[in-house]
Protein chains: 2
Amino acid sequence: MPKLGAKPIRKAALINAAILEVGRAGSLDVTVAQIARRAGMSPALAHHYFGSKEQIFLAAMAYILRVYGQTVAQGLPGQGPRGRLDAIIAASFAPINFQRETVSAWLNFYALALTSPQAARLLRVYHLRLRSNLVVALRGLVPDPLQVAGTLGALIDGVYLRAVLTPGPIDASAALRVVQTYLDEALT
Amino acid sequence: MPKLGAKPIRKAALINAAILEVGRAGSLDVTVAQIARRAGMSPALAHHYFGSKEQIFLAAMAYILRVYGQTVAQGLPGQGPRGRLDAIIAASFAPINFQRETVSAWLNFYALALTSPQAARLLRVYHLRLRSNLVVALRGLVPDPLQVAGTLGALIDGVYLRAVLTPGPIDASAALRVVQTYLDEALT
DNA sequence: CCGGTTCTTGATTGGTCAGTCAATTAAGTC
DNA sequence: GACTTAATTGACTGACCAATCAAGAACCGG
């Protein structure tokens, strides 16, 4: 039943399935067959659309980063100085981004950046944009925006890391509180 | 040439080689053959001593954590309240622990904790001990030692993460500075 | 309804690798 | 110097898997 225009739908399904499978497995050792089956198609089709397993992973990683970026952008406008900071931080722990499977996948894609130059590039872009957003939002509120932005970024990553490595359900509000408490201290 | 008592030597060599190979590759996708060859023996011998690839990884992970613990313990005695904090933090960025291969291996072993319950257990013990150390050292210096200890732990992890994910030589002193700056703020 | 395009998969292939086993070597022991 | 025990490896296997390919199925425009 070849409905035309299946390409974007299939690709989206594969990306979704890849995130889910990597997140569930907690590892990049996931077969293309697993991903394809989860997305409701044959492994051959997955190769047809993406060409290779790594391309699937890269697309999934880009997707996670893009969704995160959109969440930030959505919260940014208006708000005023402190409101922008809160929006950026809140985006990091919004339900869409802060689910076990997503965060687990995120960690594994981070590790992928050690291996794949393309993954490293994606990550660098994301890091730079996050930092830039933070620096702008911090300007005027704090003597050294660059330094605070760096600390905030690292702290967010660390909190992510610990959230996914701690057994039991992940606690977004506790994570958010840690970052906000730091920010309150830094702003005085 | 079977010299007796080879077991501990062989095991140590394998652990070392595993850390090096995983660190270099930036991935747990390292063959037993690679590790064994790097350690100067046949793959069969590696299996003979460890039984499985996962056991090699777990031993390597335990080794990294043990070395870190020893570095902390070495710096702890005497020093006074603030000195103890500095000792714990300094241990995290001491040259022995803070080398690219080691940190890269560390990141991958963290990811392993998502898969292997034993790895998760190792990590939990390490997290608890670190936190306990920090809480004791912070007592009296800060209104809420538990909270500051949690933030410090997360921040250290995040700084590690970013250090290894940033291309170019890793900068221990910059990493140390970030954490110390936070601590200075928290102590006021 | 025909030729082209897109979609789809079963079957296959080529390669890789963890783990096993049988056999060999060289100590130590009495 | 026979026996035990530790050390060591080459060869093998059983499984798994990414990627390919050829062929079938359904839509389209003319």
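Structure: see above.
Computed from a predicted structure; not experimentally measured.

Procedures and definitions
- Residues numbered from 1 in each chain as written.
- Chains lettered and ligands numbered in written order.
- Predicted model: local features only at pLDDT ≥ 70, side-chain atom pairs only at ≥ 80, totals over all residues.
- Heavy atoms only, no water.
- Helix = DSSP H or I, 4+ residues; strand = E, 2+ residues; numbered from the N terminus.
- Buried < 20%, exposed > 50% of the residue type's maximum accessible area, 1.4 Å probe, protein only.
- Contact = heavy atoms within 4.5 Å.
- Least-squares fit on C-alpha atoms with pLDDT ≥ 70 in both.
- Buried area = accessible area lost by both parts, 1.4 Å probe.
- Salt bridge = Lys/Arg side-chain N within 4 Å of Asp/Glu carboxyl O.
- Polar contact = N/O pair within 3.5 Å; in protein donor to acceptor, adjacent residues only side chain to side chain.
- Nonpolar A, V, L, I, M, F, W, Y, C, P; charged D, E, K, R; others polar.

**Brief notes about the side chain of serine 92 of chain A**
Residues and elements named next belong to chain A.
Working step 1: Tracing the chain through its elements places serine 92 in helix 5 (residues 80-92).
Working step 2: With relative accessibility at 1%, the residue serine 92 sits in the buried group.
Working step 3: Contact partners of serine 92, with chain neighbours within four places excluded, come to Tyr68, Asn97, Phe98, Ile156 and Tyr160.

**Quick notes on the relation of the copies chain B and chain A**
Working step 1: The two copies are related by a screw operation: chain B maps onto chain A through 180 degrees of rotation and 0.0 Å of translation along the axis, at an RMSD of 0.0 Å. Read as a symmetry element, the transformation amounts to a two-fold axis. Proximity to the rotation axis, assessed at the C-alpha, singles out glycine 158 of chain B in chain B; its C-alpha lies 1.9 Å from the axis.
Working step 2: Mapped onto chain A, 100% of the interface residues of chain B again fall at the interface, so both copies present the same surface.

**Thoughts on the interface of chain B and chain A**
Working step 1: On the side of chain A, 36 residues touch chain B, which itself brings 36 residues to the contact.
Working step 2: Of the roughly 2600 Å² buried where chain B meets chain A, counting both sides, 68% is carbon and sulfur surface.
Working step 3: Together, Leu114, Arg162 and Leu165 of chain B form the three largest contributors to the area buried by chain B at its contact with chain A, with a combined 25%.
Working step 4: The interface formed by chain B and chain A holds 2 salt bridges in total.
Working step 5: Here arginine 162 of chain A ties to aspartate 157 of chain B by a salt bridge, and the two come within 2.9 Å at their closest N and O atoms.
Working step 6: At the surface where chain B touches chain A, the tally comes to 7 residue pairs in polar contact (both at pLDDT 80 or more).
Working step 7: Elements supplying a minimum of two residues to the side of chain B that touches chain A: helix 6 (100-112), helix 7 (117-138), helix 8 (145-165) and helix 9 (172-186) of chain B.
Working step 8: If you tally residues by element for the side of chain B that touches chain A, the top one is helix 8 of chain B, at 13 residues.
Working step 9: Classifying every residue of the side of chain B that touches chain A by side-chain character gives 19 nonpolar, 12 polar and 5 charged.

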